[in-house]
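Below are the chains, spelled out letter by letter.
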Amino acid sequence: MEPVTGLSRRALFALGIFLILGVVASTVATARSGDRKPGCIDATYDCATFRAGEPVVLGVLSPRDDVDRAVRLVAELWGQDLGGRPLRVLAWNDRCTPEGGASGARELATDSPDEPQVLAVVAETCWAAITPAAQILSDSGITLVSMTGTPVPREAGRPRFHLAVGPLPAVPLQSFEAIYAQRYGPPDPRAVAAAYTADAILRTARSLVGRTADGALLVPRTPLRDGLIQAGFVRVGWGRSGS
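As a starting point, this report considers the structure included with it.

Thoughts on the overall build of the chain
Summing up its helical and strand segments, the chain has 7 helices and 9 strands in all. For the chain, the residues scored as buried account for 45% of the 243 residues in total. Pairs at least 24 apart in sequence give 70% of the contacts found in the chain among residues at least 6 apart. Of the roughly 12300 Å² that the chain leaves accessible, carbon and sulfur atoms contribute 56%.

So, in structure tokens, the structure goes:
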């Protein structure tokens, strides 16, 4: 016997599924819109947010110890000059493999309620690792600046937040090279490039910092990427033409 509504059981079942999916979609949309921080000017990828008392975190993706050391030294020299916050470096050894690159990128992109977010990522690794890492981080709106010579190929999709280091400025970073040489010996060019990159990320972020009423520090992700491109020695890094 058909229901008194005049609709078959199959039609009612389909209608029920449609309503459930509609509620789920509405809930997801509400959650996404609710995630946007008050005062954040980036409507697309929101802001890297550091709550009161949290350090600003800079990521490193590389199998090279000297790249890690270079970024840590830059963070040390900056002190608390970015919004009055200490800096923390979160490094991941990707082992120059696709699996390592993907694992590292997911770790750096994870938004844990117990840990501060990652501002941006400095990378010096091989093509096999940078391809999945660039896509994962870009999907999260996290800028990855790479010293890797081979750019991400076009067939990998367009990771809009993957940038590449171009010609470095002629003026050396103040204090960095002397202190690095004293501690570890003369820096490799890749370590120097990593230091320039980390310094550019922090300088650009400092020019964009905003604050919320409860003391959180905000850095909008898309303007951070665009500001790094305008820095001159950082360029869009996807595709073999560099376009």
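A closer look at the packing of aromatic side chains
Tallied over the full model, the rule gives 3 aromatic pairs. Here Phe176 and Tyr180 contribute two aromatic rings whose centre-to-centre distance is 5.6 Å and whose plane-to-plane angle is 40°, an arrangement assigned as tilted. With Phe176 and Tyr180 both in helix H5 (residues 176–184) and 4 residues apart, this pair spans about one turn of that helix. Neither Phe176 nor Tyr180 differs from the other in exposure class; each is buried. Above the ring of Tyr184, the side-chain terminus of Arg69 is found at 4.8 Å from the ring centroid. In this arrangement the basic side chain of Arg225 is found over the ring face of Phe161, its NZ or CZ atom lying 4.6 Å from the centre.

A short note on the environment of Ala43
Looking at the element boundaries, Ala43 is found in the loop between helix H1 (9–35) and strand S1 (47–50). Distance in space between the C-alpha atoms of Ala43 and Thr222 is 9.1 Å, their sequence separation being 179 residues.

Structural notes on the packing of H5 against helix H6 (residues 189–208)
Two elements in contact, H5 and H6, have axes whose closest approach is 11 Å; the angle formed by their N-to-C orientations is 135°. By the criterion of interaxial angle, the relationship of H5 to H6 is oblique. In the packing of H5 onto H6, the handedness of the crossing is right-handed. When H5 is examined against H6, the residues Phe176, Glu177 and Tyr180 are found in contact with a partner set consisting of Ala191, Val192 and Ala195. Class assignment of the residues belonging to the contact of H5 with H6 gives a composition of 5 nonpolar, no polar and 1 charged.

Considerations on the sheet that holds S1
One open sheet holds the 3 strands; their spatial order is S1-S8-S7, and the pairing between them is antiparallel. Each of the sheet's edge strands pairs with one partner strand only, and the pair in question is S1 and strand S7 (210–211). This element, helix H7 (residues 221–230), spans S1 and strand S8 (217–220) of the sheet and lies at about 60° to S8.

Here we look at the pairing of strand S3 (residues 87–92)
Here 6 bridges tie strand S2 (residues 56–61) to S3, and the two strands are oriented parallel to one another. By the bridge assignment for S3, Val60 is matched with Ala91.

Some words on the state of the cysteines
Tallied over the entire structure, the rule returns 2 disulfides. In this model, Cys96 is linked to Cys126 through a disulfide, with the two sulfur atoms separated by 2.0 Å. You can see Cys96 sitting in the loop between S3 and helix H3 (98–109) and its partner Cys126 sitting in the loop between strand S4 (118–123) and helix H4 (127–139), a full 30 residues away along the chain. Ordering the disulfide-forming cysteines of the chain by sequence position, one finds them joined as 1-2, 3-4.

Regarding helix H2 (residues 65–78)
End to end, H2 covers 20 Å across 14 residues, agreeing with the expected 20 Å (1.5 Å per residue, within 8%). Among all positions of H2, only Asp66, Val67, Asp68, Ala70, Val71, Leu73, Val74, Ala75 and Trp78 are buried. Turning to H2, the residues buried within the fold contact S2, S3, S4, H5 and H6. Two residues or fewer after H2 comes Gly79, characterised by a positive phi angle close to 60°.

Overview of H3
Compared with the 16 Å implied by 1.5 Å per residue over 12 residues, the 16 Å span of H3 between its first and last C-alpha is a close match. Looking at H3, one finds that the buried residues are Gly100, Gly101, Ala102, Gly104, Ala105, Leu108 and Ala109. The inward-facing, buried residues of H3 abut S2, S3, S4 and H4.

Concerning the sheet that holds strand S6 (residues 162–165)
With respect to topology, 6 strands assemble into an open sheet ordered S3-S2-S4-S5-S6-S9, the strand pairing being mixed. Strand pairing shows two members of the sheet lacking a second neighbour, S3 and strand S9 (234–236), which therefore form its edges. With direction set aside, neighbouring strand axes in the sheet form an average angle of 30°. Here H4 sits on the sheet in contact with S2, S4, strand S5 (144–146) and S6, set at roughly 155° to S5. With respect to the sheet, H6 is in contact with S2, S3, S4, S5 and S6, its orientation differing from that of S4 by roughly 160°.

What counts and how
Residues numbered from 1 in each chain as written. Predicted model: local features only at pLDDT ≥ 70, side-chain atom pairs only at ≥ 80, totals over all residues. Heavy atoms only, no water. Helix = DSSP H or I, 4+ residues; strand = E, 2+ residues; numbered from the N terminus. Buried < 20%, exposed > 50% of the residue type's maximum accessible area, 1.4 Å probe, protein only. Contact = heavy atoms within 4.5 Å. Areas by Shrake-Rupley, 256 points an atom, 1.4 Å probe, with all protein chains shown as cover. Phe/Tyr/Trp six-rings, centres within 6.5 Å; stacked < 30°, edge-to-face > 60°. Lys NZ or Arg CZ within 6 Å of the ring centre and 35° of its normal. Axes fitted to C-alpha atoms, helices over the stretch in contact; angles between N-to-C directions. Parallel < 35°, antiparallel > 145°, perpendicular 65-115°, else oblique. Left-handed = near helix turned anticlockwise from the far one by under 90°. Nonpolar A, V, L, I, M, F, W, Y, C, P; charged D, E, K, R; others polar. Pairing = 2+ DSSP bridges. Disulfide = S-S within 2.5 Å. Expected span 1.5 Å × (residues − 1).

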